[in-house]
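Descriptive structure summary
Listed below, chain by chain, are the residues.
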Amino acid sequence: MSSLRFAEEEIEELNSDKGSMAWFQSFKEQKSGSLFETRDERRKTSLFESRDELRKARRELKQDDEEVNFFKQRMTQMETFYKEKLLYARFETAKREEELKSLKDSLAAQVAASLTTGDTESMNNPVSKTRLTEMYDNLKLLQWPKVKDQLKFRKRNPKEAKDLIQKTFGNASDEMKRRRQQIEKMFQLTESSSGPTPQKVKEYRQLTVQNLQMALFHTNKEELLKSGFPECLDEFQGEVKVHLRPLTSECYWLSCLMALNNPPLQPDWKNHVPGFDSWDIFPREIKPSVM
């Protein structure tokens, strides 16, 4: 009996150990499953986070690409704009250069024509026909009235003044005619010799006359009168002579310039009608004269 009881106890203890072992095995499996589940969850969480980060990175990359494309488009637009501006500027520059060249050619042609034909009309020419006309009008309308009043006050005869002024203009014109003839004679000798073409000789001849005209333009008027027509005031005395000297100097100087114009110019004495005023001495216009 005791042996049987012992055997039963041993069996129960063994079964008890088996139960413990089963429980332990079950607990172990539970812990292992829980551990695996925790690792899966972490892995999933990590994957989700990585996916979110990847999406975020893709969005940022897309945004960067859009900004790059935007700036590329802006750069392309700016490049196109400035290329068009540059082309327009080049076109305008070429146009201006062409206009400037055309103007230079035109001016060169005018200068050549001026030298050839003697047409000295120019905006910068102080002895052009326009300027000579202006100087004559100034003499007639501004200077003469002052002298006229002095002559009237001195009881001088208007015919005296007219004869003096007309004689002064004529004397200066004759002197310039003589100088022109000297120049013509000199260049005729040049034409007969081998050298520049007749056209060139003609141009240089006219240029010589123009240079003489400019030299006289810058000459002292009273000194010019003394050397060219010293006796013009011999018949006048005292204060009358003093008042007449500036006027006669101006007349002689201006007549020289007018006589060297091409064609020569002189006051239109022939067609001048004084009218009721006997002191109306100066003709209204200047006209070409034959020398």
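What you see is a predicted model; the values in this text were computed from it and never measured.

**Notes on the overall build of the chain**
If you tally the helices and strands in the chain, you get six helices and two strands. Burial analysis of the chain (291 residues in total) assigns 25% to the buried set. Pairs at least 24 residues apart make up 71% of the contacts formed inside the chain by residues separated by at least 6 positions.

**Side note on the packing of aromatic side chains**
Counted under the stated rule, the structure contains six aromatic pairs. For the pair Tyr136 and Phe282, a centre-to-centre distance of 6.1 Å together with 70° between the ring planes defines the contact as edge-to-face. Of this pair, Tyr136 sits in helix H2 (residues 129-153) while Phe282 sits in the loop between strand E1 (265-267) and strand E2 (286-288), placing them 146 residues apart in sequence. The rings of Tyr136, Trp144, Trp279 and Phe282 are connected pair by pair, giving a single aromatic cluster.

**A short note on a negative patch on the surface**
A surface patch of negative charge is lined by Glu60, Asp64, Asp65, Glu66 and Glu67. Note on placement: Glu67 falls in helix H1 (residues 2-117). For Glu67, a relative accessible area of 39% translates into the label partly exposed.

**Describing H2**
Between its first and last C-alpha, H2 extends 35 Å over 25 residues, near the 36 Å set by a 1.5 Å rise per residue. Immediately beyond the C-terminal end of H2, within one or two residues, lies Lys155, with a positive phi of roughly 60°.

**Describing the pattern of salt bridges**
Using the criterion set out here, one finds 11 salt bridges in the structure. Note that Arg156 is salt-bridged to Glu160, the shortest N-O span being 3.1 Å. For Arg156, a relative accessible area of 25% translates into the label partly exposed. If you follow the salt bridges from partner to partner, you end up with Glu175, Arg178 and Arg179 in one network.

**What about a nonpolar patch on the surface?**
Residues Met75, Met78, Phe81 and Tyr82 make up a contiguous nonpolar surface patch of about 440 Å² in total accessible area. The topology assignment puts Phe81 in helix H1.

**Brief notes about the confidence of the model for the chain**
When pLDDT is averaged across the chain, the result is 78; 73% of the residues are at 70 or more. E1 holds the highest mean pLDDT among the elements of the chain, 94, whereas H1 holds the lowest, 69. Across residues 115-120 the pLDDT falls below 50, and counting only partners more than four positions away or on other chains, this stretch makes 19 contacts in the model.

Conventions we followed
- Residues numbered from 1 in each chain as written.
- Predicted model: local features only at pLDDT ≥ 70, side-chain atom pairs only at ≥ 80, totals over all residues.
- Heavy atoms only, no water.
- Helix = DSSP H or I, 4+ residues; strand = E, 2+ residues; numbered from the N terminus.
- Buried < 20%, exposed > 50% of the residue type's maximum accessible area, 1.4 Å probe, protein only.
- Contact = heavy atoms within 4.5 Å.
- Phe/Tyr/Trp six-rings, centres within 6.5 Å; stacked < 30°, edge-to-face > 60°.
- Patch = residues over 30% accessible without salt bridge, like charges linked within 9 Å, V, L, I, M, F, W, Y side chains within 5 Å.
- Areas by Shrake-Rupley, 256 points an atom, 1.4 Å probe, with all protein chains shown as cover.
- Salt bridge = Lys/Arg side-chain N within 4 Å of Asp/Glu carboxyl O.
- Lys, Arg positive; Asp, Glu negative; His and termini not counted.
- Charge placed at Lys NZ, Arg CZ, Asp CG, Glu CD.
- Expected span 1.5 Å × (residues − 1).
- pLDDT = per-residue confidence, 0-100.

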